Amino acid sequence: MSPQSQNPTDQRLLAEYERGDDEPLEMAIARAFDRVGIDVMERDTPFHEIVNVDALRNLHRESQATPIRTTFVLYDHPMTITTDHVRIHEPSDDD
């Protein structure tokens, strides 16, 4: 199974970060990665060049009445983002 089709919730959770009410999504993502020892500022490609943070922010802002969960892979780690949490899962062995 490829990493894109694997459900991140099937993989071991490495870090969970609870977002503050007014905390920008990009800060929550950076802080979640910091919990697994990855400094996003030291990466060759900043994550805002990989992920459309504005689109994610708008999606989650507009979903206050209906919970939404977004999953994708960033820096080889499957991620799950909800309105109030960022979760980082163990990378897939399929790489």
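Residues numbered from 1 in each chain as written. Predicted model: local features only at pLDDT ≥ 70, side-chain atom pairs only at ≥ 80, totals over all residues. Heavy atoms only, no water.

1. Focus: the sheet that holds strand β2 (residues 70-74)
Strand order in the open sheet made by the 4 strands is β1-β4-β3-β2, with antiparallel pairing throughout. One side of each edge strand has no neighbouring strand; the edge strands of this open sheet are β1 (13-18) and β2. Neighbour-to-neighbour, the strand axes of the sheet open up by a mean angle of 20°, direction not taken into account. Pairing analysis gives 5 bridges linking β1 to strand β4 (residues 85-89), with the strands arranged antiparallel. Its bridge partner lying in β4, E18 is registered against H85. On top of the sheet, helix α1 (residues 25-35) reaches β1, β2, β3 (77-81) and β4; it is set at about 145° to β1, its chief contact. (Pairing = 2+ DSSP bridges. Helix = DSSP H or I, 4+ residues; strand = E, 2+ residues; numbered from the N terminus. Axes fitted to C-alpha atoms, helices over the stretch in contact; angles between N-to-C directions. Contact = heavy atoms within 4.5 Å.)

2. Some thoughts on the pattern of salt bridges
Applying the stated criterion to the full structure yields 5 salt bridges. Between R31 and E23 there is a salt bridge, with its nearest N and O atoms 2.4 Å apart. Classification of E23 as buried rests on a relative accessible area of 11%. Here E26 ties to R57 by a salt bridge, and the two come within 2.6 Å at their closest N and O atoms. One end of the pair, E26, is in helix α1; the other, R57, is in helix α2 (residues 53-61), and 31 residues separate them in sequence. Judged by relative accessible area, R57 falls into the partly exposed class, the value being 23%. Taken together, the shared-partner salt bridges in this structure form one network comprising E26, D54 and R57. (Salt bridge = Lys/Arg side-chain N within 4 Å of Asp/Glu carboxyl O. Buried < 20%, exposed > 50% of the residue type's maximum accessible area, 1.4 Å probe, protein only.)

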